[in-house]
Amino acid sequence: QVHLVESGGGLVQSGGSLRLSCATSGISFSLARMGWYRQAPGKQRELVASIRRDRSTIYADSVKGRFTISRDNAQNTVYLQMNSLKPEDTAVYYCNSDLYSIVSWGQGTQVTVSS
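Residues numbered from 1 in each chain as written. Predicted model: local features only at pLDDT ≥ 70, side-chain atom pairs only at ≥ 80, totals over all residues. Heavy atoms only, no water.

Caption draft 1: Region of interest: the environment of V103. The residue V103 is located in strand β10 (residues 102–105) in this model. A C-alpha to C-alpha distance of 9.7 Å links V103 and A32, two positions 71 residues apart in sequence. (Helix = DSSP H or I, 4+ residues; strand = E, 2+ residues; numbered from the N terminus.)

See below:
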């Protein structure tokens with residue numbers, strides 16, 4: 001059974017930084033595409049960033065240049081470094097894995113950016 005556990009969320013002032021972590025188990029992590037999504041109140045869940053097994057990355061236009069996704073295959077963990085945070089980045093952030101079209105989600109971690 002796949003388990004994804006996010007951590008690192010919290011309250012930060014505008015312009016600040018946070019680093020989210022997603023520890024995984026029950027999955028061949030090095031083979032999986034890993035992603036970070038977010039969902040703000042009243043809005044649909046959206047892709048923030050994803051990283052493939054070859055470490056190629058995709059970012060939402062709204063976070064390009066500010067967020068960086070990375071992975072540590074030895075630790076089965078994916079990270080999201082978030083810099084220059086804005087109030088509009090406030091959301092619940094979810095970790096996602098996709099391996100052979102089998103998709104799993106973490107429970108989410110709240111990120112709140114105050115103005």
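After that view, the rundown keeps rolling.
Caption draft 2: How the structure looks around the packing of aromatic side chains. Per the stated rule, a full pass over the model turns up two aromatic pairs. Seen from their ring centres, Y37 and W105 are 4.9 Å apart, and the 70 degrees between their planes marks the pair as edge-to-face. One end of the pair, Y37, is in strand β4 (residues 33–39); the other, W105, is in strand β10, with 68 residues separating them in the sequence. Y37 gets classed as buried once you look at its relative accessible area, which sits at 19%. (Phe/Tyr/Trp six-rings, centres within 6.5 Å; stacked < 30°, edge-to-face > 60°. Buried < 20%, exposed > 50% of the residue type's maximum accessible area, 1.4 Å probe, protein only.)

Caption draft 3: Layout of the sheet that holds strand β3 (residues 18–25). With antiparallel pairing, the four strands of this open sheet are ordered in space as β1-β3-β8-β7. A single partner strand is all that each edge strand has here, and the edge strands are β1 (3–7) and β7 (67–72). Between one strand and the next, the sheet's axes are offset by a mean angle of 15 degrees, whatever the strand orientation. By the bridge criterion, six bridges tie β3 to strand β8 (residues 77–82) in an arrangement that is antiparallel. The partner of C22 across the bridge, within β8, is V78. (Pairing = 2+ DSSP bridges. Axes fitted to C-alpha atoms, helices over the stretch in contact; angles between N-to-C directions.)

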